[in-house]
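# Commentary on secondary and tertiary structure
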Amino acid sequence: MIKLIAIDLDGTLLNAQKEVSQANRQALAYAKSKGVKVVLCTGRPYFAMKHFLADLGLVDPEDYIVTFNGGMVQKAQDGQVLVSNTLGTSDVLAWYQVTQNLDLPINVIDADRLYEPTAYPVGYPSLYLENVTNVPSVVQDYKTFDPDHAFNKFVIVTTQEHLDAQIPKLDPDFKDQYAVFKSRSFFLEVMKKGVSKGDTLAKLGELLDISPQEMMTMGDQENDLSMIELAGLGVAMGNATEQVKASAQYVSLTNEEDGVAHAIHKFIV
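Residues numbered from 1 in each chain as written. Predicted model: local features only at pLDDT ≥ 70, side-chain atom pairs only at ≥ 80, totals over all residues. Heavy atoms only, no water.

Within an unreviewed UniProt entry, the label attached to the protein chain reads Cof-like hydrolase, and the organism entered is Abiotrophia defectiva ATCC 49176.

Notably, Lys18 is not glycine yet its phi reads approximately 65°, a positive angle. The exposure class assigned to Lys18 is partly exposed, which follows from its relative accessible area of 37%. The phi angle at Asp209 is positive, at roughly 60°, despite the residue not being glycine. For Asp209, the location among the structural elements is in the loop between α8 (197–208) and β12 (215–219). In this structure Asp209 comes out as exposed when scored by relative accessible area, which is 67%. (Buried < 20%, exposed > 50% of the residue type's maximum accessible area, 1.4 Å probe, protein only. Helix = DSSP H or I, 4+ residues; strand = E, 2+ residues; numbered from the N terminus.)

Let us look at the side chain of Glu189. Along the chain, Glu189 falls in strand β11 (residues 187–192). For Glu189, a relative accessible area of 2% gives the class buried. For Glu189, the side chain forms a polar contact with the side chain of Asn69, separated by 2.7 Å. Setting aside residues up to four positions removed in sequence, Glu189 forms contacts with Asn69, Lys153, Phe154, Ala179, Val180, Phe181 and Ser183. (Polar contact = N/O pair within 3.5 Å; in protein donor to acceptor, adjacent residues only side chain to side chain. Contact = heavy atoms within 4.5 Å.)

It is at 8 Å that the axes of helix α2 (residues 22–33) and helix α11 (residues 259–267) come closest, and there the two elements cross at 30°. What the angle tells us is that α2 and α11 run roughly parallel. Seen along the crossing, α2 lies across α11 with a hand that is left-handed. For the pair α2 and α11, contact is made by Ala23, Asn24, Ala27, Leu28, Tyr30 and Ala31 and by Val260, Ala261, Ile264 and His265, respectively. Across the contact of α2 with α11, the residue classes tally to 8 nonpolar, 2 polar and no charged. (Axes fitted to C-alpha atoms, helices over the stretch in contact; angles between N-to-C directions. Parallel < 35°, antiparallel > 145°, perpendicular 65-115°, else oblique. Left-handed = near helix turned anticlockwise from the far one by under 90°. Nonpolar A, V, L, I, M, F, W, Y, C, P; charged D, E, K, R; others polar.)

Right, here's the structure in full:
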């Protein structure tokens, strides 16, 4: 019996216009009416999700959200943190030096805002605010952060061509100290080693007394693999990467064809 549905956003719940279709909205409400917990799993921070959650009716006292690609589990109603995995200022400085050498723009994000450096590599500004989401941001010299400042993730957003050319140049030993993955073709994310949507969903399941076998997870990209592999029922969108499809127990319709609604009505009865 499925007790919890975990759903990715971009390429999964959202269509190309970054909207939730009426069919998907109705399916989420249907699942909740059946007593199934609906948990959005996103790379976005909570402060960028509050109004979205309210719009979908996912702000009851016992609603939860996984933010920062597994960096946090928070109560959807007020953002109370239940699970947290963070990076530190030393990590910021190490990654800033590495990315400067590779002409890669890096932004760092904590629980409150996104930070931009005083200068990006010449010719390679960050495309995060322009192409991903509108979040509060400030410019700050990364060397001035307090030593104990906690960060949820770092993001490198540039053209796919440039990103794909530079990623192989990252020192493997350095990269292996972190969780590094693409969440979109032009979007690289850096998190604390061992952090993933799947790992954090398992921790949420322990808090709620819901086993992975009682979960259905839905996604489309590399950063969704861990939760697809965790769940008793992993669902890939029809537009998912081949790796995600191969790891899933079921391949639904695409995000443009209301694949989330299709899967919910197929498996939630």
